[in-house]
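Breakdown of the fold
The lines below spell out each chain.
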Amino acid sequence: MTLAEAFRHQSISCVAMGSPFMGQLLGVLADHWSEESALAKRLAQFEGDVGPAGHSLPLRVAGGLHALVLSGRAPELETLYPPQKTSDPDLLAGVQAAFADHEAFLLDWIESPPQTNEVRRSAALMAGAAVAAEHVDLPVILSELGASGGLNLMWDRYALALPGGSIAADDPVLMLTPAWEGPMPPRRLPRVAARAGADLNPLDPGQPQDLLRLTAYLWPDQPERMELTRAAAAVMNAPIHRGDAVEWLADRLAGAPEGHLHLVQHSVAWQYFPQEVQARGTDLIETAGARATYERPLAWLAMESDGDRTGGVGAALTLRLWPGDVTLTLGRADFHGRWIRWQGPS
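If you're wondering where the values come from, they're calculated on a predicted model, not measured in any experiment. (Residues numbered from 1 in each chain as written. Predicted model: local features only at pLDDT ≥ 70, side-chain atom pairs only at ≥ 80, totals over all residues. Heavy atoms only, no water.)

Some points on the pairing of strand 1 (residues 140-145)
Along any regular strand the residues' side chains alternate between the sheet's two faces. Within strand 1, six of the six residues are buried, which leaves the element mostly enclosed by the surrounding structure. Every second residue of strand 1 is oriented toward a common face, with Val140, Leu142 and Glu144 on one face and Ile141, Ser143 and Leu145 on the other, all of them buried. Of the pairings in the sheet, the one linking strand 1 to strand 8 (residues 261-267) comprises five bridges and is parallel in character. Directly across from Leu142, in strand 8, lies its bridge partner Leu263. (Buried < 20%, exposed > 50% of the residue type's maximum accessible area, 1.4 Å probe, protein only. Helix = DSSP H or I, 4+ residues; strand = E, 2+ residues; numbered from the N terminus. Pairing = 2+ DSSP bridges.)

Take a look at the structure:
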């Protein structure tokens, strides 16, 4: 896949996921990409898949441009971004000017892969945790793999509004409103006694530069995602370990205390782990599950792709519980948490 093809592919995907502006921006770049700039020459040095399943270079470029807008570095470019409507020629001219005027910033920005912490995924995690609580009535030790900025570790501070009612924390800081199909999940969230996560490159939402990176990868014509992210960032207080998440989990599994349910969660992260890391993680969790008791139970909650990365069928929601190694298929969810097709435990 060439870079221009990657821009086009990502443009189509963004439109399908509700962002016409990102479709326009990336479409313009696909049609008018120049190989002459320093940024283009650096991007040309990336080897392998430059599209969304690999280096995701189109989103790196778009994120860098959005970061210029959000940080106030490029006021001329800001006038072309939502909520304003912009013609393709004007948008192209503004982006090309930003490439020239902010070359050093963008060259530094694109060296790191995209990093989002989609808060709306917590809707699926909340419903799954409620199922776990129905099976095991104990406070939770929560561990997240690929936690990024830790915003989805804070789901017990959120509310989930559903057609048949709500699942809510006391005094929730935000409301999640996915398009919901299917029966109601259990209504009670477990109490989280302690929480932590791990990520190769964790971000601290309390630090302005890290919050900028988290918000820059949100799409400019989806302000509700920005509002949710900022609300979640204001209460995030969980420690995030920097390093290999599976190696970190080994210590977490070994040290799980009695009288608590150890709930291991991840959302749209596992699929990006190398196969050998996935195998190591599965073996660790299953081995710990074999040792689990009713006084020290274990749960594994996952929202992950099961083979289709087009976004059409979303991610599979699964929950495994020990002792007993019970596997529950809960349904499917949009990768951005916009919809959930809930079937309930089966």
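Don't stop here, the text continues.
Some remarks on the nonpolar core
Counting 90 residues, the largest nonpolar core has Leu25, Leu65, Trp155 and Tyr158 as its most contacted members. When sequence neighbours within four positions are dropped, the list of residues in contact with Trp155 reads Ser122, Leu125, Met126, Ala129, Leu142, Leu189, Pro190, Val192, Leu263 and Gln265. Within the second largest apolar cluster, 21 residues are counted, among which are Trp248, Val264, Trp270 and Ile285. (Core = buried A, V, L, I, M, F, W, Y, C linked by side-chain atoms within 4.5 Å. Contact = heavy atoms within 4.5 Å.)

Some remarks on the packing of aromatic side chains
In this structure the tally under the stated criterion is eight aromatic pairs. Ring geometry for Phe7 versus Trp33: centroids 5.1 Å apart, planes at 45°, classification tilted. One end of the pair, Phe7, is in helix 1 (residues 3-16); the other, Trp33, is in the loop between helix 2 (20-32) and helix 3 (38-43), and 26 residues separate them in sequence. Take Phe7 and Trp33: they sit in the same class, and that class is buried. Here Trp109 and Tyr217 contribute two aromatic rings whose centre-to-centre distance is 5.8 Å and whose plane-to-plane angle is 35°, an arrangement assigned as tilted. Of the two residues, Trp109 is situated in helix 7 (residues 103-109) and Tyr217 in the loop between helix 9 (208-216) and helix 10 (223-235); the sequence distance between them amounts to 108 residues. (Phe/Tyr/Trp six-rings, centres within 6.5 Å; stacked < 30°, edge-to-face > 60°.)

A closer look at the sheet that holds strand 4 (residues 174-176)
Strand order in the open sheet formed by three strands is 3-2-4, with mixed pairing between adjacent strands. At either end of the open sheet lies a strand with only one pairing partner, and these are strand 3 (165-168) and strand 4. Across the sheet, the mean angle from the axis of one strand to that of its neighbour is 25°, orientation sign disregarded. Set on the sheet, helix 10 makes contact with strand 2 (158-162) and strand 4; between it and strand 4 the angle comes to about 130°. (Axes fitted to C-alpha atoms, helices over the stretch in contact; angles between N-to-C directions.)

Some words on the side chain of Arg213
Topologically, Arg213 is positioned in helix 9. Of the side chains with opposite charge, Asp108 comes closest to the buried, unpaired Arg213, at an N-O distance of 5.6 Å. Leave out the neighbours within four places in its chain, and Arg213 touches Trp109, Ser112, Pro113, Gln115 and Leu203. (Lys, Arg positive; Asp, Glu negative; His and termini not counted. Salt bridge = Lys/Arg side-chain N within 4 Å of Asp/Glu carboxyl O.)

Worth remembering: the numbers are spatial, not functional.
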